[in-house]
Amino acid sequence: DTTTETQKYTALERVCVGGFPIGLKLYADGVVIVGTEPIDTENGYINTAEKAGIKLGDIIKSINGERVTTNSRVSQIIEESNGDVLTLQVLRGNELLTFSFNSEFSISEGKFKAGIWVRDSSAGIGTVTFCTSDGYFASLGHAVCDIDTKDVVPISQGECTDVKLTGYTKGVTGKAGELCGVLESNKTGEVFYNGDLGVYGRYNEIPSTHTFCVAPMDAVKTGDAYIYTTLENNVTEKYSVRINHIDYGNPEHKNLVIEITDPRLIEKTGGIIQGMSGSPIVQDDMIVGAVTHVLVDNPAQGYGIFAQTMLENINAYK
């Protein structure tokens with residue numbers, strides 16, 4: 001329990017605090033169309049995707065009834081089609097659609113092509129918020145989105161790895177900074193969720209870090225707090241912040257408006273940078289939230305999500 005001057009709150013589950021980087025490899029549930037191009041045929045240039053009604057961001061789930069999950073398999077089916085009509089099952093938003101699709105023979109490349117660019121996986125770096133006593137972790141506090149379509153990457157599976165940090169770029173007004181690093185080859189766990197509430201999974205081994213209780217959202221208050229985050233030499237440090245505003249009902253889960261007040265972090269990064277998403281926010285010796293977004297016009301400020309929401313998401317999965 002945590003007692004304030006006005007109210008006593010019952011803390012939630014005790015968890016291992018994060019603040020350290022995580023490498024994420026996400027494998028799409030289908031293949032995502034990230035671009036289209038016309039094909040040079042003997043009848044001129046033809047945009048087959050446009051002709052069929054397929055759009056950027058559509059997710060191909062199957063071709064002629066066969067589930068497809070890799071770029072290479074899609075290319076193989078197209079090249080072996082000889083221009084015959086293919087039936088594509090495509091997910092657009094929450095709607096499953098069916099399209100008739102013809103590949104075209106490319107004069108320059110001498111083979112049948114679809115004129116679409118597809119992606120079957122994504123990878124990146126984020127920060128762990130916390131890990132439960134049975135190994136489930138919460139990170140980022142927001143979804144991993146496709147770099148081209150800007151849509152949430154729908155995953156069938158994923159894995160996490162260690163990260164070797166190589167440096168960072170400082171954020172300035174109008175341009176966010178970025179944490180830089182390389183994903184290691186080792187697999188440290190699995191990923192089972194990528195969505196608006198963050199990226200979640202389970203570690204093979206529970207991290208050995210300090211433990212805090214997760215705060216109920218009504219225990220969070222404006223005022224001083226601090227975050228745990230890692231910038232260099234894979235050393236996690238604590239930096240002072242201030243919670244300026246609390247929004248309990250924000251539909252995008254931008255529940256906390258935070259401001260970096262630690263001069264060390266402002267000097268290094270200008271404030272919040274990409275890759276710090278998921279950094280746990282601690283107040284009154286409880287994890288109250290996670291950093292999620294930076295205000296590009298003011299890198300010292302950003303948003304956070306309630307830690308209670310992230311814990312509830314893990315428990316709902318379990």
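See above for the structure.
Residues numbered from 1 in each chain as written. Predicted model: local features only at pLDDT ≥ 70, side-chain atom pairs only at ≥ 80, totals over all residues. Heavy atoms only, no water.

## Remarks on the overall build of the chain
Across its full length, the chain holds four helices and 26 strands. Considered along the principal axes of its C-alpha atoms, the chain spans approximately 80 × 40 × 35 Å. The buried share of the chain, reckoned over its 318 residues, is 51%. Long-range pairs, those at least 24 residues apart, make up 69% of the contacts in the chain between residues at least 6 apart in sequence. Summing over all exposed atoms, the chain offers an accessible surface of approximately 14,900 Å²; the carbon and sulfur share of this is 45%. (Helix = DSSP H or I, 4+ residues; strand = E, 2+ residues; numbered from the N terminus. Buried < 20%, exposed > 50% of the residue type's maximum accessible area, 1.4 Å probe, protein only. Contact = heavy atoms within 4.5 Å. Areas by Shrake-Rupley, 256 points an atom, 1.4 Å probe, with all protein chains shown as cover.)

## Some words on helix α2 (residues 71-79)
Residues lying three or four places apart along an α-helix face the same way, a consequence of the helix completing one turn every 3.6 residues. The complete set of buried residues in α2 reads Val74, Ile77 and Ile78. Taken down its axis, α2 places every buried residue within 100° of arc, on the same side. Its buried side turned inward, α2 meets β4 (21-36), β7 (59-63), β8 (66-67), β9 (85-92), β10 (95-102) and β12 (111-113). (Arc of directions from axis to C-beta.)

## Quick notes on the packing of aromatic side chains
Counted by the stated rule, this structure contains nine aromatic pairs. Arranged with centres 6.0 Å apart and planes meeting at 65°, the rings of tyrosine 136 and phenylalanine 192 form a pair that is edge-to-face. Here tyrosine 136 is found in strand β14 (residues 136-139), whereas its partner phenylalanine 192 is found in strand β18 (residues 189-195), with 56 residues between them in sequence. Both residues of the pair, tyrosine 136 and phenylalanine 192, count as buried. When the ring of phenylalanine 137 is compared with that of tyrosine 203, the centres are 4.8 Å apart and the planes differ by 40°; the resulting orientation is tilted. Of this pair, phenylalanine 137 sits in strand β14 while tyrosine 203 sits in strand β19 (residues 198-203); the two residues are 66 residues apart in sequence, bridging distant segments of the chain. The pair phenylalanine 137 / tyrosine 203 is uniform in exposure class, with both members buried. One aromatic cluster is present, built from ring pairs that chain together Tyr136, Phe192 and Tyr317. Lysine 238 extends its terminal NZ or CZ atom over the ring of tyrosine 226, reaching a point 4.4 Å from the ring centre. (Phe/Tyr/Trp six-rings, centres within 6.5 Å; stacked < 30°, edge-to-face > 60°. Lys NZ or Arg CZ within 6 Å of the ring centre and 35° of its normal.)

## Focus on the environment of methionine 217
Considering the arrangement of structural elements, one finds methionine 217 in the loop between β20 (211-214) and β21 (223-230). As a C-alpha pair, methionine 217 and tryptophan 117 span 100 residues in sequence and 43 Å in three-dimensional space. When residues no more than four places from it in sequence are discounted, the contact partners of methionine 217 are Tyr248, Phe306, Gln308 and Thr309.

## With respect to the environment of isoleucine 77
Checked against the element boundaries, isoleucine 77 lands in helix α2. Residue classification places isoleucine 77 among the buried residues on the basis of a relative accessible area of 11%. C-alpha of isoleucine 77 to C-alpha of alanine 114: the two residues are 37 residues apart in sequence and 9.9 Å apart in space. Not counting chain neighbours up to four residues away, the residues in contact with isoleucine 77 comprise Ile63, Glu66, Val68 and Leu86.

## Concerning the environment of glutamate 178
Within the secondary structure, glutamate 178 is located in strand β17 (residues 178-183). A sequence separation of 94 residues divides glutamate 178 from isoleucine 272, and the C-alpha atoms of the two residues are 8.8 Å apart. Once residues within four sequence positions are removed from consideration, glutamate 178 is found in contact with Gly167, Tyr168, Thr169, Ile273 and Gln274.

Taken by themselves, the reported measurements are silent on function.
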